[in-house]
Amino acid sequence: MNLILLGPPGAGKGTQAEAITKTRGLVQLSTGDMLRQAVKAGTPVGIEAGAIMEAGGLVPDEVVIKIIAERITAPDCVNGFILDGFPRTLKQAAALDVLLGDQNKKLDAVIELKVDDAALVDRISGRYMCADCGASYHDTNCQPKVAGVCDRCGSTQFVRRADDNAETVRNRLMAYYRETAPLIGYYFAKGKLKTVDGMAPIADVTKQVEGILAGIASP
Ligand code: AMP
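To keep things clear, this report deals only with the structure shown in the data block. (Residues numbered from 1 in each chain as written. Predicted model: local features only at pLDDT ≥ 70, side-chain atom pairs only at ≥ 80, totals over all residues. Heavy atoms only, no water.)

**Points about the state of the cysteines**
Should the sulfur atoms of two cysteines be covalently bonded, the bond is a disulfide.
Moving on, step 1. Going through the model one piece at a time under the given rule, you end up with zero disulfides.
Moving on, step 2. For the unlinked cysteine Cys-130, the closest cysteine sulfur is that of Cys-153, found at 3.6 Å.
Moving on, step 3. Residue Cys-130 is classed as buried on the basis of its relative accessible area of 2%.
Moving on, step 4. Its sulfur unpaired, Cys-142 is 10 Å from the next cysteine sulfur, which belongs to Cys-150.
Moving on, step 5. Assessed through its relative accessible area of 27%, Cys-142 is described here as partly exposed. (Disulfide = S-S within 2.5 Å. Buried < 20%, exposed > 50% of the residue type's maximum accessible area, 1.4 Å probe, protein only.)

Pasting the structure below:
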């Protein structure tokens with residue numbers, strides 16, 4: 001099963017992708033994570049992408065399309081994948097259609113996480129992750145069960161993304177509405193779009209997503 005999670009920054013794409021990987025055995029492909037790794041490693045892609053990401057802009061289509069083209073042919077993608085943060089432009093969506101067609105793969109669904117714009121800045125500026133395993137938390141909505149200790153791995157080290165600050169968030173939202181929101185119409189027209197209420201509690205959103213996946217026939 002091959003899926004896309006679509007929604008503005010802070011909609012919960014990463015959280016839901018993580019939940020689906022556990023229940024469905026799919027691989028989560030986050031271009032944001034891949035780019036952050038490239039920045040950390042100081043690769044040529046990372047050097048090109050770093051400043052753009054810090055400003056909240058979009059990395060050039062050619063760069064991310066190349067990354068995804070290589071990644072979806074890896075053996076771990078054979079049972080399917082969840083694209084989290086890709087495609088983000090119509091050009092990327094068209095390139096994905098070609099990539100999937102070339103590999104005789106199909107897109108099963110595009111799940112849109114619908115959220116109130118007003119909630120996004122708060123959601124993003126409050127979020128942080130475990131520095132060791134990457135588990136996600138939020139200052140008010142989702143704290144670890146024991147304060148300062150990661151529920152998943154027990155680490156006491158946490159980090160915030162450099163681009164999760166109010167000014168960058170506004171640029172990221174602008175990029176979303178200018179470049180990415182048209183994909184909702186693109187996938188609706190292709191009959192692939194499913195929409196869930198991304199304002200519901202995390203577990204309820206996961207149930208809605210699972211309901212959609214249950215309705216998709218296995219290949
Ligand atoms: P994310 O982790 O998905 O919020 O992505 C973080 C940042 O990485 C974005 O604000 C963009 O600068 C960049 N990025 C991630 N995915 C893409 C993409 N598909 N196209 C262009 N830029 C991307």
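**With respect to the sheet that holds strand β7 (residues 158-159)**
Pairing between the strands of a sheet is mediated by backbone hydrogen bonds and can be parallel or antiparallel.
Moving on, step 1. Read across the open sheet, the three strands follow the order β6-β5-β7; overall the sheet is antiparallel. Looking at strand neighbours, the two that pair on one side only are β6 (136-138) and β7, the edges of this open sheet.
Moving on, step 2. Alignment of strand β5 (residues 127-130) against β7, held across two bridges, turns out to be antiparallel. Its bridge partner lying in β7, Met-129 is registered against Val-159. (Pairing = 2+ DSSP bridges. Helix = DSSP H or I, 4+ residues; strand = E, 2+ residues; numbered from the N terminus.)

**A closer look at the side chain of Ser-30**
Moving on, step 1. For Ser-30, the location among the structural elements is in strand β2 (residues 27-30).
Moving on, step 2. Among residues more than four places away in sequence, those in contact with Ser-30 are Arg-36 and Asp-84. (Contact = heavy atoms within 4.5 Å.)

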